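Listed here are the chains, written in short residue letters.
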Amino acid sequence: MRRAVVVILALALVTCREKKPLTADLNRENKVAVRPVRLFYETPDMLLAPEIRNVALPESPNSALPVVVRELIKGPGKKETPRLFPADTIVRAAYLLPDGTVIVDLGGPTITTGWGTGSHQELMAVYSVVETATSNFADARRVRFLVNGGPAETLAGHISLARSLPPMPSLVDRRVAP
Amino acid sequence: MKRFALLGFFVVLAVASIVLAQSPAQATLRLPSGDRSVSYVQQSGQTFFAANDVIPALGGTITPDSTGYKVTINNATAAFGPDSRFGVVRDELIEMPVPPLSIDGKPYVPWQFFQGLLAKAANLDVQFDAATHVLLVRPQQQNIVGVQVSIANVQGISKIVFTLTGPAEYSIIKDPGGYVVRFKTPLRAPFPEQTYDDPYVARVQFTGSDVRIQLTGTDIAGDAYQLDTPPRIVIDLHKVAAPAPGEQRPIIGIKPTDQPGIRTIVLDPGHGGKDVGAIGPNGLMEKDATMSLCRKLAASLSAKLGARVVLTRNEDAVVSLDQRTAIANQYKADLFLSVHMNAAVAPRPKGSETYFLSLEASDELAKKAAEVENASHAANPSSDLNLILWDLAQQDYVRESSRFAQAIQEEMNSATGVQNRGVKQAPFKVLVGATMPAALVEVAFITNPEEEAKIQSDEFQSQMVDALTRAVQRYKTDYETRIGIAQPPAAPAPAQVAPPATTTAAPAPAPARSGT
């Protein structure tokens, strides 16, 4: 009987140990490399234009997307360029679906409790994400926003998030972003 | 030793339960054409079906790619990803309780994915019977009418709107404590019962084919009428003298008459209540600035144009964006103007700008879609086009909205010397459902200290009210001339409102204003 118990416990231990060991080099496994990305921020002419930033990115679009969107939300590199999202905004998730829809799930205290801003800033913020996602990922065609994991009417009471948003070229400064 | 044996037993049991939970079993997919056997698993209280079994059985295809799976069914494209509890079909979200699973490299999706997919792509109902392990797919029961309820109190009238998914016969009966709307068809109720913080409506309750409206008092009477496209039943409740004991207060059926021209204007003071909007550097709140301006503009439009003017709010209260548009539709407004103050992070931006709804006409993707539509519309009206185009009420009025927006912007520029920021398009939520020409004006930047001070001055407000009144008058004359109910002024030459350069629309003949 004792032998049987020992065999059962040994089997259980072996089963546990057969799990694939965690890789010591996630960067290599995900083919992470520093790549230039286009992050869209507001210009003095109140349009959007890209800032080129080198970011360590995984090769897979679905792994790279949240990294790029989080980099965007961090804010612009230049102090004189206005930050578009509240500083406490978090990117809960960002991923690409096979039909070209990018899902971006935002959260954070300000967006959750009520972001009191005007149409212009909200328009710039929303489309900075749309332009950034569709400009950096060839298969991305439009962005569907979620807030705290679910559908939301707007981020700040103006721009409808009821549908996926494709890029809006009229908001992009073509002199800066050909 | 017994303790060790017991421990070992539980370890084996736990391992076995994990293995068994991941092992697919067979369920029945019941289609109108017959039964099929499909694989499913149950995990964490959810039931997942093998997409590779179900989709082909429904006549669709499923294709993997690096980000998930693409599904084509009934000329509709859908997609889902491995870690997302949201899929999409025709640009609409399919919400699942949990993300799909991958078992032996095959995708297993919660059964609710098929429910969302087939409802939107094939007009089919999907139900799962956990007791019999049957996934039932059947045609949607067309005779069931879906109902949505909205209630708004504006200017002393509580307006209840029942929006129906299809035409339905009904009667309205006075009931102790309220009214009952009795339908002759089964209903799909949005909720069993809901209470309201409304002066006249205490509760709405669905029981079978009855909708019971419980009022807050006996001194309330109602006027009811019906609107089409979509079918709606509207009941306006208002205060009357208290009835004598035993007196019945009948509902009087009225239907607004359709008269051509610009007669009713709905003004929408942006934000309100706890939604304060943007705040200026010296503390001016957008909700207060818009309310003040709209009250003055309403008085001006009534006095100078003889128009019936309705405010979506006339107090410091939260009104949802949908309600604001619904109020305009319910009053059968001929024009809708939402008034806002703009905001930017930097203090420097200034000026006014006017928006009308973007239907993505300027987008390259939409242009391609339009080309596809033009080429294939006759051959295949149910093509993939719905991925791009928005089924919005406002889309029939975009050309007129652009003329209206242009008139506003030009008059504001000429009157105030405020920096011209131009007419723009954007997908504004408050404009989406409006069934009339609609625009949103950003009067000035409340975040600019100079403009914040101007917004509060009587002189600036008066200038803006005059400019906006002239813009409405100008659009009214232009529109009524084009539909032939007004003569253009003899001299000086009438100021024709030209469509703005931001639209691709050609100058349009006056559209037939479809009934709301």
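About the cut-offs
Position numbers for residues start from 1 in each chain and track the written sequence from start to end. All chains are assigned letters beginning with A, and all ligands numbers beginning with 1, in the order in which they are written. In keeping with the predicted nature of the model, local features appear solely for residues at pLDDT of at least 70, side-chain atom pairs appear and are counted solely at 80 or more, and the whole-chain, interface and lining totals rest on all residues. Numbered from the N terminus, helices here are DSSP runs of H or I no shorter than four residues, and strands are runs of E no shorter than two. Note on burial: count the other C-beta atoms lying within 10 Å of the residue's C-beta; 20 or more is buried, 12 or fewer is exposed, in between is partly exposed, and C-beta positions come from the backbone. Note on contacts: each residue gets a C-beta atom placed from the backbone, and two residues are in contact if those atoms are within 7 Å. The span one expects for a helix is its residue count, reduced by one, times 1.5 Å. In this scheme, strands are said to pair when DSSP sees at least two bridges between them. Angular values range over 0 to 180 degrees, each being the angle between N-to-C directions of two axes fitted as lines to C-alpha atoms, with helices fitted over their stretch in contact. We define a nonpolar core as a collection of buried residues of the types Ala, Val, Leu, Ile, Met, Phe, Trp, Tyr and Cys that are connected via C-beta atoms lying within 7 Å of each other. An angle below 35 degrees is treated as roughly parallel, one above 145 as roughly antiparallel, one from 65 to 115 as roughly perpendicular, and anything else as oblique. Take the far helix as your reference; a near helix turned counterclockwise from it by less than a right angle gives a left-handed crossing, and one turned clockwise gives a right-handed crossing. Three classes are used: nonpolar for Ala, Val, Leu, Ile, Met, Phe, Trp, Tyr, Cys and Pro, charged for Asp, Glu, Lys and Arg, and polar for all others, with Gly counted as polar. pLDDT measures the predictor's confidence residue by residue and takes values from 0 up to 100.

(A) Spatial organisation of the overall build of chain B. A count of helical and extended segments in chain B gives ten helices and 29 strands. Out of the 516 residues belonging to chain B, those deemed buried represent 42%. Pairs at least 24 apart in sequence give 65% of the contacts found in chain B among residues at least 6 apart.

(B) Here's a closer look at the overall build of chain A. Within chain A one finds five helices and five strands. Counting helices and strands in the order they occur from the N terminus, chain A gives α-α-β-β-α-β-β-α-α-β. Scored against the burial criterion, the 178 residues of chain A give a buried share of 44%. Counting only contacts in chain A whose residues sit at least 6 apart along the sequence, the fraction spanning at least 24 positions is 63%.

(C) Representation of helix H3 (residues 61-74) of chain A. Residues and elements named next belong to chain A. For H3, spanning 14 residues, the distance from its first C-alpha to its last is 20 Å, which sits close to the expected 20 Å at 1.5 Å a residue. For H3, the set of buried residues is Pro61, Asn62, Ala64, Leu65, Val68, Val69, Leu72 and Ile73. Downstream of H3 by one or two residues, glycine 75 has phi in the positive range, about 115°.

(D) Here's a closer look at the pairing of strand E1 (residues 25-31) of chain B. Residues and elements named next belong to chain B. As judged from the seven bridges shared by E1 and strand E2 (residues 34-43), these two strands associate in the antiparallel manner. Of the residues in E2, the one forming a bridge with threonine 28 is serine 37. Hairpin geometry of E1 and E2 is characterised by an intervening segment of two residues between the two adjacent antiparallel strands. Across three bridges, the pairing between E1 and strand E12 (residues 134-139) is parallel. Directly across from arginine 30, in E12, lies its bridge partner leucine 136.

(E) Focus on unusual backbone geometry. If you check the backbone angles, A:Asn148 has positive phi at about 55° while not being a glycine. Relative to the elements of secondary structure, A:Asn148 occurs in the segment after strand E5 (142-147). The backbone phi angle of B:His271 is positive, close to 65°, even though this residue is not glycine. Looking at the secondary structure, you find B:His271 in the loop between strand E24 (264-269) and helix H4 (286-305).

(F) Broad picture of the sheet that holds strand E15 (residues 170-175) of chain B. Residue and element names in this part refer to chain B. The strand order across the open sheet built from five strands is E15-E16-E20-E19-E18, with neighbouring strands paired in antiparallel fashion. Looking at strand neighbours, the two that pair on one side only are E15 and strand E18 (193-195), the edges of this open sheet. The sheet shows a mean angle of 15° between the axes of neighbouring strands, direction not considered.

(G) How the structure looks around the nonpolar core. By size, the foremost hydrophobic cluster in this structure holds 171 residues, and its most contacted members are A:Val69, B:Phe49 and B:Ala439. Residues in contact with B:Phe49, not counting those within four places in the same chain, are B:Val38, B:Tyr40, B:Val54, B:Tyr108, B:Val109, B:Trp111, B:Phe114 and B:Leu135.

(H) Looking closely at the pairing of strand E7 (residues 86-89) of chain B. Residues and elements named next belong to chain B. Covered by surrounding structure in E7 are Phe86 and Val88 together with Gly87 and Val89, the residues of both alternating faces. The sheet contact formed by strand E6 (residues 76-80) and E7 spans two bridges and is antiparallel. The partner of alanine 78 across the bridge, within E7, is valine 89. Joining the antiparallel neighbours E6 and E7 is a turn of five residues. Note: E7 against strand E8 (residues 92-95), four bridges, orientation antiparallel. The partner of glycine 87 across the bridge, within E8, is isoleucine 94.

(I) Molecular detail of the sheet that holds strand E4 (residues 101-107) of chain A. Residues and elements named next belong to chain A. An order of E3-E4-E5 is seen for the three strands of this open sheet, with the pairing classed as mixed. Looking at strand neighbours, the two that pair on one side only are strand E3 (90-96) and E5, the edges of this open sheet. The average undirected angle you get between the axes of adjacent strands in this sheet is 20°. As paired elements, E4 and E5 share six bridges and run parallel to each other. Residue pairing across strands places aspartate 105 opposite leucine 146, the latter belonging to E5. In this fold H3 packs onto E3 and E4, with an angle of close to 145° to the strand it touches most, E3.

(J) Local environment of the environment of B:Asp316. All names here are of chain B. Turning to its location among the elements, aspartate 316 is positioned in the loop between strand E25 (308-311) and helix H5 (321-330). For aspartate 316, a count of 15 C-beta atoms within 10 Å puts it in the partly exposed group. The residues contacting aspartate 316, other than those within four sequence positions of it, are Gly272, Gly273 and Lys287.

(K) A look at the packing of H4(B) against helix H10 (residues 458-482) of chain B. Residues and elements named next belong to chain B. The interhelical angle for the contact between H4 and H10, taken along N-to-C directions, is 45°, at an axis separation of 9 Å. As summarised for this structure, H4 and H10 are arranged oblique, according to the angle between their axes. When the axes of H4 and H10 are compared, the crossing they make is right-handed. Note on element contacts: H10 touches H4 through Gln461, Met464, Val465, Leu468, Thr469, Val472, Gln473 and Lys476, opposite Ser292, Leu293, Lys296, Leu297, Ser300, Leu301, Lys304 and Leu305. When the residues that make up the contact of H4 with H10 are grouped by side-chain class, the tally is eight nonpolar, five polar and three charged.

(L) View of the confidence of the model for chain B. Residues and elements named next belong to chain B. Scored by pLDDT, chain B has a mean of 80; 78% of the residues are at 70 or more. Contacts of residues 497-516 to residues separated by more than four positions or lying in other chains number 42 contacts, the stretch itself having pLDDT below 50. Interface predicted TM-score (ipTM) for the complex: 0.81; the corresponding pTM is 0.72.

(M) Examining the packing of H3(A) against helix H5 (residues 119-136) of chain A more closely. Residue and element names in this part refer to chain A. Relative orientation of the contacting elements H3 and H5 amounts to 140°, with a least axis distance of 10 Å. Between H3 and H5, the interaxial angle falls into the category oblique. The interaxial crossing formed by H3 with H5 has right-handed handedness. For the pair formed by H3 and H5, the contact residues are Leu65, Val68, Val69 and Leu72 on the first element and Ser128, Val129, Thr132, Ala133 and Asn136 on the second. Considered class by class, the residues forming the contact of H3 with H5 number six nonpolar, three polar and no charged.

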